[in-house]
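Survey of secondary and tertiary structure
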Amino acid sequence: MKKIALVIIALLLSIFNSQAQNRNQEEIRRQLAQAMVDLTNSLILAFEKSDNVEEFKKTITGCWYRAIPREGNDLLNTAYELLSNKTTKEEILKNYNGKEMALAVLYVDNLSNKEVKTDGSELFGGITGDFNSYSNLVLGQCRWYQMCCWLSKIFEGYSGTTLISSDTQAIKNISKKE
């Protein structure tokens, strides 16, 4: 009887684990929206000290500013727009389509797949280990620019190696939205 109970428990745990790994596109969109909430919250002080989006980006990226790739630039533009519009957490969670965050995730995941040791700062024009003037902006355990740290929180256990393939496909679908 004990063996049967243990087998049933193991089977249930296996089912729950596989269901957790096979998140659908809406679940991932919500996770990306939560990541956007966290990112915008971590950048409020910089936003309050800026008069426009370019000043905002220069404030938080410092000497990295000229090297920001398109994905990082789009993500920061969206964060600035959400802050400018005083968009609430609830509105972001409900309405943010996840596109810019999805592209950012794919950018960092691509670096990891190329075996680049990254904390995600390359998304914002930096190099892992570089000094950032806004590096003391920490929300939870992540600095604002440490995308790999954010990913590990969004995608439970992402370690900077690669995303689960079903998650990657859903993220690619989200990144193609208009």
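Preceding this paragraph is the structure being described.
Residues numbered from 1 in each chain as written. Predicted model: local features only at pLDDT ≥ 70, side-chain atom pairs only at ≥ 80, totals over all residues. Heavy atoms only, no water.

This next bit is on the overall build of the protein chain. Helix and strand content of the protein chain: 9 helices and 2 strands. Reading the protein chain from its N terminus to its C terminus gives the helix and strand order α-α-α-α-α-α-α-β-β-α-α. For the protein chain, with 178 residues in total, the buried portion stands at 44%. The long-range fraction of contacts in the protein chain, counting pairs at least 24 apart against all pairs at least 6 apart in sequence, stands at 72%. Element-wise, carbon and sulfur atoms account for 54% of the exposed surface of the protein chain, whose accessible area totals about 10,000 Å². (Helix = DSSP H or I, 4+ residues; strand = E, 2+ residues; numbered from the N terminus. Buried < 20%, exposed > 50% of the residue type's maximum accessible area, 1.4 Å probe, protein only. Contact = heavy atoms within 4.5 Å. Areas by Shrake-Rupley, 256 points an atom, 1.4 Å probe, with all protein chains shown as cover.)

Below, the discussion takes up the packing of helix α5 (residues 70-84) against helix α7 (residues 99-113). Each pair of packed helices can be described by the angle between their axes along with the distance between the axes. One can describe the packing of α5 onto α7 by two numbers: an axis separation of 9 Å at closest approach and a directional angle of 150°. The orientation of α5 relative to α7 falls into the category roughly antiparallel. Note that α5 runs across α7; the crossing there is left-handed. Mapping the contact onto sequence places Arg 70, Glu 71, Asp 74, Leu 75 and Thr 78 in α5 and Glu 100, Met 101, Leu 103, Ala 104 and Tyr 107 in α7. Partitioning the contact of α5 with α7 into residue classes produces 5 nonpolar, 1 polar and 4 charged. (Axes fitted to C-alpha atoms, helices over the stretch in contact; angles between N-to-C directions. Parallel < 35°, antiparallel > 145°, perpendicular 65-115°, else oblique. Left-handed = near helix turned anticlockwise from the far one by under 90°. Nonpolar A, V, L, I, M, F, W, Y, C, P; charged D, E, K, R; others polar.)

Before going further, it helps to spend a moment on the side chain of Thr 78. The residue Thr 78 is located in helix α5 in this model. A residue is classified by how much of its surface remains accessible, and Thr 78, at 13% relative accessible area, is buried. Apart from residues lying up to four places away in sequence, Thr 78 is in contact with Met 36, Tyr 96 and Glu 100.

Quick look at the nonpolar core now. Counting residues in hydrophobic clusters, the biggest one holds 34 residues, and the most contacted among them are Met 36, Phe 56, Leu 75 and Met 101. Broken down by element, the residue count for this core peaks at 7 residues, all from helix α2 (residues 25-42). (Core = buried A, V, L, I, M, F, W, Y, C linked by side-chain atoms within 4.5 Å.)

Attention now goes to the pattern of salt bridges. In the structure shown here, the tally under the stated rule is 5 salt bridges. Salt-bridge contacts for Lys 57 lead to Glu 54; the nearest nitrogen and oxygen are separated by 3.1 Å. Placement of both Lys 57 and Glu 54 in helix α4 (residues 53-61) is noted, with a separation of 3 residues, approximately one turn of the helix. Glu 54 sits in the partly exposed class, given a relative accessible area of 32%. It is possible to trace a salt-bridge network through shared partners that takes in Glu 26, Arg 29 and Arg 30. (Salt bridge = Lys/Arg side-chain N within 4 Å of Asp/Glu carboxyl O.)

Among all residues save glycine, negative phi is the norm, and among peptide bonds the norm is trans. Positive phi, normally seen in glycine, also occurs at Lys 86, with a value near 55°. Position of Lys 86 among the secondary structure elements: in the loop between α5 and α6 (89-95). Lys 86 sits in the exposed class, given a relative accessible area of 71%.

In this section: the packing of α2 against α7. Contact geometry of α2 with α7 gives a least axis separation of 9 Å together with a crossing angle of 90°. Comparing their axes, α7 and α2 come out roughly perpendicular. Between α2, through Leu 32, Ala 35, Met 36 and Leu 39, and α7, the contact on the second element is made entirely by Met 101, Ala 102 and Val 105. In the contact of α2 with α7, the residues fall into 7 nonpolar, no polar and no charged.

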